[in-house]
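Residue-level structure breakdown
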Amino acid sequence: MARILTSAVRAVTASIAVAGFVLTAQVAQAAAAGDAKNGEGVFMDNCGVCHSNAKGAPNKIGPNLFGVVGRKSATAAGYMYSPAMMKAALTWDAATLNQFLAGPQKKVPGTKMGFPGFSDPQDESDVIAYLVTMK
Ligand code: HEC
């Protein structure tokens, strides 16, 4: 009897754990689903002062970001990167952008990108969704 009870408790515990995991995964997915249309505005407000977003447009304080998703770090033509970015050896996929934008100095210590990160994670998801379409 005790043994049956124990295994019942185990089964319940396991299903709670699974439910918790599924919930966490769903929340993560919801946060990751960015709105590219809104992201364009977020880009203009938060990145546009330092970054251009049009093909062939000149670099500003920061490098041109046209087609940045999938690009290797520190490869925008004609831009002088910091030594830190030069040796970062990253590929700008969505996950890496996520980490970088959340805290540029944390992801690439010594980077000269002065951006503190977003207070609203949805803005970050949206701007990344926009960057993905920018090609
Ligand atoms: C105050 C100016 C400034 C702002 C605002 C800014 N950046 Fe930057 N960004 C830079 C600079 C400068 C660099 C070059 C960093 C280095 O060489 O260390 C950079 C580099 C980058 C890189 C690496 C590009 C490459 O070619 O490797 C990405 C990606 C990036 N920024 C995205 C963004 C996004 C997205 C935003 C808006 C959410 C943003 N930045 C806001 C100045 C800025």
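What counts, and at which threshold
- For every chain, the first residue of the written sequence is number 1, and numbering continues from 1 along that sequence.
- For a predicted model such as this one, the threshold for reporting local features is a pLDDT of at least 70, and the threshold for listing and counting side-chain atom pairs is 80 or more; totals across whole chains, interfaces and linings nevertheless cover every residue.
- Under the scheme used here, helices are H or I runs from DSSP no shorter than 4 residues and strands are E runs no shorter than 2 residues, and both carry numbers assigned from the N terminus.
- For this analysis, nonpolar core means a set of buried Ala, Val, Leu, Ile, Met, Phe, Trp, Tyr and Cys residues linked through C-beta atoms within 7 Å.
- Any residue with 12 or fewer other C-beta atoms within 10 Å of its own C-beta is exposed, any with 20 or more is buried, and the rest are partly exposed; the C-beta atoms used are placed from the backbone.
- Any two residues are considered in contact once their C-beta atoms, placed from the backbone, lie within 7 Å.
- The pLDDT value tells you how sure the predictor is about a given residue, anywhere from 0 up to 100.
- Proximity of a residue to a molecule or strand is defined by its backbone-placed C-beta atom lying within 6 Å of that partner.
- Residue classes follow a fixed rule: Ala, Val, Leu, Ile, Met, Phe, Trp, Tyr, Cys and Pro count as nonpolar, while Asp, Glu, Lys and Arg count as charged, and any other residue, Gly among them, counts as polar.
- An arc is given here, and it is the one of the directions from the helix axis to the C-beta atoms.
- Helices are assigned an expected span. That span is 1.5 Å times one less than the residue count.

**Thoughts on the environment of Cys50**
Looking at where Cys50 falls in the secondary structure, it is placed in the loop between helix H2 (36-46) and helix H3 (83-86). Taking the C-alpha atoms as reference points, Cys50 and Met113, 63 residues apart in sequence, are found 9.0 Å from one another.

**With respect to the nonpolar core**
A general trend in soluble globular proteins is that nonpolar side chains are found buried together. Residues Phe43, Leu97, Phe100, Val127, Ile128, Tyr130 and Leu131 are the most contacted members of the largest nonpolar core, which totals 14 residues. Contributing elements (two or more residues each) for this core: H2, helix H4 (94-102) and helix H6 (121-133). By residue number, the principal contributor to this core is H6, which donates five residues. Leave out the neighbours within four places in its chain, and Ile128 touches Gly34, Ala94, Leu97 and Asn98.

**Some thoughts on the environment of Phe115**
You can see Phe115 is positioned in the loop between helix H5 (104-107) and H6. Overall, Phe115 belongs to the partly exposed group, with 15 C-beta atoms counted inside 10 Å. Placed 12 residues apart in sequence, Phe115 and Gly103 show a C-alpha to C-alpha distance of 7.7 Å.

**Some words on the environment of Val127**
Along the chain, Val127 turns up in helix H6. Val127 sits in the buried class, given 26 other C-beta atoms within 10 Å. Between the C-alpha atom of Val127 and that of Gly41, which follows or precedes it by 86 residues, the distance is 8.2 Å.

**Side note on the confidence of the model for the chain**
For the chain, the mean per-residue pLDDT works out to 86, and 76% of the residues sit at or above 70. Between the elements of the chain, mean pLDDT differs from a low of 53, seen in helix H1 (residues 2-32), to a high of 98, seen in H3.

**Looking at unusual backbone geometry**
The phi torsion at Ala74 lies on the positive side, around 60°, for a residue other than glycine. Looking at the secondary structure, you find Ala74 in the loop between H2 and H3. Classification of Ala74 by C-beta neighbours within 10 Å gives partly exposed; the count is 19. Its identity as a non-glycine residue notwithstanding, Ala89 has a phi of 50°, on the positive side.

**What to know about the site of the ligand**
Near the ligand, the surroundings consist of 27 residues, among which Cys47, Cys50, Gly62, Ser82 and Met113 are the closest. Elements represented by at least two residues in the shell around the ligand include exactly H3 and H4. In terms of residue class, the shell around the ligand is made up of 18 nonpolar, eight polar and one charged.

**A look at H2**
Those residues of H2 that sit buried are Gly39, Val42 and Phe43. When H2 is viewed along its axis, its buried side chains cluster within an angular range of 105° and face the same direction. Among the exposed residues of H2, those pointing more than 90 degrees away from its buried face are Lys37 and Asp45. Tucked into the core, H2 has its buried residues touching H6.

**Observations concerning H6**
Helix length check: H6 (13 residues) gives 19 Å between terminal C-alpha atoms against 18 Å at 1.5 Å per residue, within 8%. When H6 is considered as a whole, its buried residues turn out to be Asp123, Glu124, Ser125, Asp126, Val127, Ile128, Ala129, Tyr130 and Leu131.

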